[in-house]
Structure formats: structure tokens, C-alpha cells
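Each chain, letter by letter, is given below.
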Amino acid sequence: MQTIDGVTLAANERVALVGQTTASQNGIYIVSSGAWTRSLDTDGGTELTPGAAFFVEEGTTYADSQWRMTTNGAIVVGTTALAFAQIGAAVSYSN
């Protein structure tokens with residue numbers, strides 16, 4: 001399997017691709033030893049909508065970060081260029 005951001009991926013894990021050269025390929029995928037597929041909850045324009053957000057759990061650089069899709073307007077998954085921006089990282093507060 002592939003390694004992304006220092007994490008060796010396993011089959012059926014979810015992975016966020018946010019920096020693909022072809023931006024229409026960005027999105028949330030399910031890892032497979034063959035062709036990866038888009039996650040069922042983000043594989044259509046009615047599910048992956050402007051402002052959609054998600055958390056990244058693992059990674060050397062992006063562990064515990066938060067991301068939001070910044071693409072506006074109608075979305076056709078697989079055709080529309082999808083842009084994502086990091087909006088936060090894990091921070092601990094104590095009283």
C-alpha cells in the first residue's frame with residue numbers, strides 16, 4: 001500500500017486528497033490495493049457541498065488538523081475542481 005504524510009495506508013481506510021494536480025480528483029477516498037473509490041458519503045454533489053469540513057486524524061504534518069472545502073457553487077464530483085483549506089489544528093486548553 002501507499003504511504004501518505006508518513007502513514008502507511010491499509011485497505012478500507014479513508015484518506016483525504018486535497019492537493020492533487022488535477023483538482024477534480026481531490027476529495028475523500030477509500031483506500032484499496034486497486035483503484036481507490038470515493039467515499040460513499042462524499043461521492044456526489046448533494047453530499048460534498050460548499051463548506052463541507054472534515055478532520056484528519058493521522059500524519060506527520062497534518063495529524064489532528066481540520067479542513068474545509070472552499071469551492072463554491074454547484075459541484076459535480078469528478079468534474080468540478082475541488083479546493084480545500086486548512087482551517088485549524090488541534091489545540092489543548094486547560095483551566
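Our structure's up above, just so we're on the same page.
Let us look at the structure shown here. (Residues numbered from 1 in each chain as written. Predicted model: local features only at pLDDT ≥ 70, side-chain atom pairs only at ≥ 80, totals over all residues. Heavy atoms only, no water.)

### Considering the pattern of salt bridges
Following the criterion strictly, the structure yields one salt bridge and no others. For the salt bridge of R14 with D41, the shortest nitrogen-to-oxygen distance reads 3.1 Å. Highlighted residues: R14 in strand β3 (residues 14-17) and D41 in the loop between β5 (37-38) and β6 (53-56), separated in sequence by 27 residues. Given the relative accessible area of 47%, R14 is considered partly exposed. You can call D41 partly exposed: its relative accessible area is 42%. (Salt bridge = Lys/Arg side-chain N within 4 Å of Asp/Glu carboxyl O. Helix = DSSP H or I, 4+ residues; strand = E, 2+ residues; numbered from the N terminus. Buried < 20%, exposed > 50% of the residue type's maximum accessible area, 1.4 Å probe, protein only.)

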